[in-house]
Amino acid sequence: MEWFLTGIIVTTFFILGASRLAPCIRIAAVQGAMLSVLPILARGSVTDPHSLGMFFGTFLIKAILIPILLFRSLRQSKIREEMEPTVSRHLSLLAGGLVVVLSFSWQLPNLPGSHSPLIVPTALAMVLLGFLLLVTRRKAVTQVIGFLVLENGVFLFGMTLATEFPITVEMGVLLDLLVGVFVMGIMINHINRTFDHIDTTLLASLRETE
Amino acid sequence: MLHLVLIVTTPPFFLGVIAKTKAFLAGRKGPPLLQIYYDLLRLFRKGTVYSRSSSILLRLAPVMIVASIFSSSLLVPLLKTAPIRFEGDLILFAYLLGLVRFMTILAAMDVGSSFEGMGASREASLGALTELAFFLGLVALSAMTRSTSLTAIFEWEGGHPFWNPALLILFATFSLILLTENSRMPIDDPTTHLELTMIHEVMILDYSGPDLALILYGASMKLFLFMAFTSSLLWPPTTANIWMGGGWLILKVTGMSIAIGLIESANARLRLIKIPQLLVANFVAAALGLAIILIGRGV
């Protein structure tokens, strides 16, 4: 379990430090796949229908459907692949490290029934890293990836309550995420058609024409 | 005793192993395994030429470098225990290696050649980044084993925690530090002779004869030391029998050399501007390793 949690944080670092978009999406897919294994590990049994359903649902949506959608919008908007972050990549990596250290150093309560002391800090770190990605990147696609990372953190936090959560709620959240990414893909296309690129900072200069 | 024999005689051999691996992967025959020994012998028989603008520093540096690498090697438990050990010796270990870098840089500046100054500035800036990660890694190790002596750290009281993700992260961190410190391929190319791109090689342009031999020998010793140190993280030194320990050490360092050869054949040299990012990532990874260790212990 700790292996997967560590792997998830390391993949987030890769996303923070990556210089091109396509590897970024692939790494996000790997992260989703790692995340989908966790419910089975948390329950400790492979045959349990609840955790199996969670595994297949999460894997299908996070590791297959969302990357496909992202790649599609990447192809359709025909954008340059470089990241162009507002903060340099060194700095965003260092900030990421700082965020992780901070979220690990708070004495967070270990929830009853959770399986590893790492889960809660990791979830917090993921949420904060997702925010960091959202704030420091200019392209709409990378912001979607930041949103995904953030959501993964929330999912991870939900893992600590996995035994109490009904499967329908989990599936509903997952479908919401899928629809969210879908809508964001359409948005990216629209932004792209109007502005010829998907730099979201330009949206700030929108005004009504007279 | 075997410790001393190993550290004095074997290091150049592993440079041969790396060269042979690279040659094999490139489809060449490659130099013989003991080529570095022949080079050293040839260089030791030559005379030295000193630049007129250089001072005593240039003459002092090779001896200082070899001496400090040798004394830092006495602190690392290659076999069961290190010949010299005391609480907190990992700080001395790190600073002796820092002294090596300091002397190299100082001697390079001493000559007054602009190329060597450039190399020195690069070495200093990379060194500033690797040393942070190196110290953080050492801190993580001592937090893991609750001891501040390298010998005690590599004893792994209560079993070697192989199934600990933090250890793998530290292994990756120290591997990258190994490549950086010894100017291996993705960071610096040890075989290049294009002054604009080299880091370590440009700093030793002004040495000749026995001095160059000492520098070369010191570099191979440092590489051996780092390989032994890094591989000891995942495969700790065995305690059973001193001869078996020695054989095991040779085996794992040979493995590391082959791995370095593989990495060097598969990767091109990184652009100089990309290197700091890699090192920053390395530093962050070390910080993550430390965080995992601390939270995993429930401190």
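This report concerns the structure included in the present document.

Conventions adopted
- Residues numbered from 1 in each chain as written.
- Chains lettered and ligands numbered in written order.
- Predicted model: local features only at pLDDT ≥ 70, side-chain atom pairs only at ≥ 80, totals over all residues.
- Heavy atoms only, no water.
- Helix = DSSP H or I, 4+ residues; strand = E, 2+ residues; numbered from the N terminus.
- Rg over C-alpha atoms; globule rule 2.2 N^0.38 Å.
- Buried < 20%, exposed > 50% of the residue type's maximum accessible area, 1.4 Å probe, protein only.
- Contact = heavy atoms within 4.5 Å.
- Areas by Shrake-Rupley, 256 points an atom, 1.4 Å probe, with all protein chains shown as cover.
- Lys, Arg positive; Asp, Glu negative; His and termini not counted.
- Charge placed at Lys NZ, Arg CZ, Asp CG, Glu CD.
- 1 Å grid on protein atoms, 1.4 Å probe; cavity = no way out; pocket = protein on both sides within 12 Å on 5 of 7 lines; lining within 4 Å.
- Points joined across faces, edges and corners; volume = space filled by probe spheres on them.
- Nonpolar A, V, L, I, M, F, W, Y, C, P; charged D, E, K, R; others polar.
- Expected span 1.5 Å × (residues − 1).
- Axes fitted to C-alpha atoms, helices over the stretch in contact; angles between N-to-C directions.
- Parallel < 35°, antiparallel > 145°, perpendicular 65-115°, else oblique.
- Phe/Tyr/Trp six-rings, centres within 6.5 Å; stacked < 30°, edge-to-face > 60°.
- Lys NZ or Arg CZ within 6 Å of the ring centre and 35° of its normal.
- Patch = residues over 30% accessible without salt bridge, like charges linked within 9 Å, V, L, I, M, F, W, Y side chains within 5 Å.
- Salt bridge = Lys/Arg side-chain N within 4 Å of Asp/Glu carboxyl O.

1. As for the overall build of chain B
Each helix and strand in chain B was counted, giving twelve helices and zero strands. Ordered by position from the N terminus, the helices and strands of chain B form the series α-α-α-α-α-α-α-α-α-α-α-α. The C-alpha atoms of chain B give a radius of gyration of 19 Å, which matches the 19 Å a tight globule of 299 residues would have. With respect to the three principal axes, the spread of C-alpha positions in chain B is 60 × 40 × 40 Å. Put simply, chain B has 299 residues, and 52% of those count as buried. Once local pairs closer than 6 in sequence are excluded, the contacts in chain B between residues at least 24 apart make up 81%. Of the accessible surface of chain B, which amounts to about 12,800 Å², a share of 69% is contributed by carbon and sulfur atoms. Here chain B holds 21 positive side-chain charges and 17 negative ones, and the gap between their average locations is 6 Å.

2. Topic: the environment of N189(A)
Residues and elements named next belong to chain A. Relative to the helices and strands, N189 is located in helix α7 (residues 167–195). For N189, a relative accessible area of 15% translates into the label buried. Every residue in contact with N189, bar those within four places of it in the chain, is listed here: S73, Q76 and S77.

3. Overview of the layout of surface pockets
Residue and element names in this part refer to chain B. Considered as a void within the structure, the largest pocket measures approximately 1,000 Å³ in volume. If you trace the largest pocket, you find 41 residues lining it, with L15, R184, P190, E201 and L216 closest to the centre. Every element with two or more residues in the lining of the largest pocket is listed here: α2 (11–25), α3 (35–45), α4 (56–73), α5 (89–111), α9 (200–203) and α10 (209–234). It is α10 that contributes the most residues to the lining of the largest pocket, eight residues altogether. Among the residues making up the lining of the largest pocket, the classes are represented as 20 nonpolar, ten polar and eleven charged.

4. Some details on α7(A)
Residues and elements named next belong to chain A. An ideal rise of 1.5 Å per residue puts 42 Å on 29 residues; α7 measures up with 42 Å between its terminal C-alpha atoms. E170, L174, L177, L178, V181, G185, I188, N189, I191 and N192 are the residues of α7 that are buried. Among the structural elements, α3 (49–77) and α6 (140–159) are those in contact with the buried residues of α7. Directly beyond the C-terminal end of α7, a positive phi value near 75° is found at D196.

5. Re the packing of α3(A) against α7(A)
The angle between the axes and the distance between the axes are what describe a pair of packed helices. α7(A) packs onto α3(A) with a crossing angle of 0° between their chain directions and a minimal axis gap of 10 Å. One way to sum up the angle between α3(A) and α7(A) is to call them roughly parallel.

6. As for the packing of aromatic side chains
Residue and element names in this part refer to chain B. One pass over the structure, following the stated rule, counts 13 aromatic pairs over all chains. Ring centres 5.5 Å apart and planes at 25° place the aromatic pair F14 and F224 in the stacked group. Of this pair, F14 sits in helix α2 while F224 sits in helix α10, and the two are 210 residues apart along the sequence. On the basis of relative accessibility, which here comes to 1%, the residue F14 falls in the buried class. Ring geometry for Y95 versus F135: centroids 5.7 Å apart, planes at 55°, classification tilted. Placement of the pair is Y95 in helix α5 and F135 in helix α6 (residues 114–145), with a sequence separation of 40 residues. Linked through ring pairs, F93, F134, F154, F174, F226 and F229 together constitute an aromatic cluster. A cation sits over an aromatic face here: R59 above Y50, 4.1 Å from the ring centre.

7. Looking at a nonpolar patch on the surface
All names here are of chain A. A grouping of F59, L60, I64, L65 and I68 is seen on the molecular surface, where their side chains present a nonpolar patch of about 400 Å² in accessible area. Along the polypeptide, F59 turns up in helix α3. Residue classification places F59 among the partly exposed residues on the basis of a relative accessible area of 32%.

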